[in-house]
Amino acid sequence: MADNKEVDIKSLSRKSLSKQVIDEIINLLMTGQLKPGDRIPSEHELMEICDVSRPVIREALTSLEVLGIVNRKTRHGTFFSERIGSKPFSMMLALSAGDVVSIIETRVALELGVVTLAAEKITDNELELIRKNIEEMRNLPTNDSSEVDMRFHKIIAQSARNPLFEGIIDALQKFHSKILEQIPLEDRNLDDTLSYHVEIYHALLKRDPVEAYIAMYRHLDFVRKKALKSLKINK
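The sections below set out a description of the structure shown in this document.

Each value, and the rule that gives it
- Residues numbered from 1 in each chain as written.
- Predicted model: local features only at pLDDT ≥ 70, side-chain atom pairs only at ≥ 80, totals over all residues.
- Heavy atoms only, no water.
- Helix = DSSP H or I, 4+ residues; strand = E, 2+ residues; numbered from the N terminus.
- Buried < 20%, exposed > 50% of the residue type's maximum accessible area, 1.4 Å probe, protein only.
- Polar contact = N/O pair within 3.5 Å; in protein donor to acceptor, adjacent residues only side chain to side chain.
- 1 Å grid on protein atoms, 1.4 Å probe; cavity = no way out; pocket = protein on both sides within 12 Å on 5 of 7 lines; lining within 4 Å.
- Points joined across faces, edges and corners; volume = space filled by probe spheres on them.
- Contact = heavy atoms within 4.5 Å.
- Phe/Tyr/Trp six-rings, centres within 6.5 Å; stacked < 30°, edge-to-face > 60°.
- Lys NZ or Arg CZ within 6 Å of the ring centre and 35° of its normal.
- Pairing = 2+ DSSP bridges.
- Axes fitted to C-alpha atoms, helices over the stretch in contact; angles between N-to-C directions.
- Parallel < 35°, antiparallel > 145°, perpendicular 65-115°, else oblique.
- Left-handed = near helix turned anticlockwise from the far one by under 90°.
- Nonpolar A, V, L, I, M, F, W, Y, C, P; charged D, E, K, R; others polar.

Time to look at the side chain of Ser-81. Considering the arrangement of structural elements, one finds Ser-81 in the loop between β2 (77-80) and α4 (87-95). Under the relative-accessibility criterion, Ser-81 is labelled buried at 7%. A distance of 2.7 Å separates a polar atom in the side chain of Ser-81 from the backbone oxygen of Gly-68. There is a polar contact of 3.3 Å between the side chain of Ser-81 and the side chain of Asn-71.

So this is what it looks like as structure tokens:
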């Protein structure tokens, strides 16, 4: 390897070779042998270390690239991504797409944690973005506030200053928006949604994590009940 870093990967059995190669490469990050942005061993080096064929190595690297965990750079090698995006979480959610209740509950649990951190870290500029977002929602011509609502929650996620939260919430929001599409427009009470957003905004304005948690819970519980009610009707 160009940087002469020594890595330790166990020899593999012939069962599920590609998956085992993936696990071992990810283990390089988990054990701290390599860090985000580092170049991983070349295909030839991995073949020797793992005692597997080139097609197995390439299959494993392709899977990791699809997940956004590694990036291949022509003539330079394969590198761990500096930051993991939403792809791994999107694929995980896709496999759980039929379990709507779990997806809704995951979003509730995650956003409650996010908003408490946001209350501690949010900037004046981000608060201004939320205020403008609320004004935009207030002036919507219909009850369909889905796009504005998504941006509201994304601003809060970004203000928590945690890249893992941002990636997970981005994936969750996309799935959750599909669920909300099943709620008829006449049942999407814009005034109620606006009221909840204002409560969250004021809690964040005061930098009060507890009040922000309570306000976010009230909002998400309202949305959850609407979604579950609609799903039962449509069954």
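Of the volumes computed, that of the largest pocket is approximately 200 Å³. The set of elements that each furnish at least two residues to the lining of the largest pocket consists of α1 (17-30) and α4. Per element, the largest residue contribution to the lining of the largest pocket is three residues, and it comes from α1.

The next thing to look at is the environment of Val-148. With respect to the helices and strands, the residue Val-148 is situated in helix α7 (residues 146-159). Sequence separation of Val-148 and Ile-134 is 14 residues, and the distance between their C-alpha atoms is 8.3 Å. If near-sequence neighbours (up to four positions away) are discounted, Val-148 is found in contact with Asn-133, Glu-136, Met-137 and Leu-140.

A few words on the packing of aromatic side chains. On inspection of all chains with the given rule, the structure shows one aromatic pair. Relative to Phe-222, the ring of Tyr-196 has its centre 5.1 Å away and its plane inclined at 45 degrees; by these criteria the two rings are tilted. In this pair, Tyr-196 is assigned in helix α9 (residues 190-205) and Phe-222 in helix α10 (residues 209-234), connecting sequence segments 26 residues apart. Its relative accessible area of 15% is what places Tyr-196 among the buried residues. Its end group placed over the ring of Phe-79, Lys-73 keeps NZ or CZ at 4.7 Å from the ring centre.

A separate point is the pairing of strand β1 (residues 70-73). For β1 and β2, the ladder comprises four bridges, and the chain directions are antiparallel. Paired with Lys-73 across the bridge in β2 is Gly-77. In this antiparallel pair of consecutive strands, β1 and β2, the connection spans three residues, and Arg-75 shows a positive phi of 70 degrees.

Before going further, it helps to spend a moment on the packing of α7 against α9. Between α7 and α9, the shortest axis-to-axis distance is 12 Å and the interhelical angle comes to 15 degrees. Relative to α9, the element α7 lies roughly parallel. Considering only the axes of α7 and α9, their crossing is left-handed. Residues Asp-149, Phe-152, His-153 and Ile-156 of α7 touch α9, and the partners they reach there are Thr-193, His-197, Ile-200 and Leu-204. Classifying every residue of the contact of α7 with α9 gives four nonpolar, three polar and one charged.

Fair warning: the whole summary comes from geometry, so function is off the table for now.
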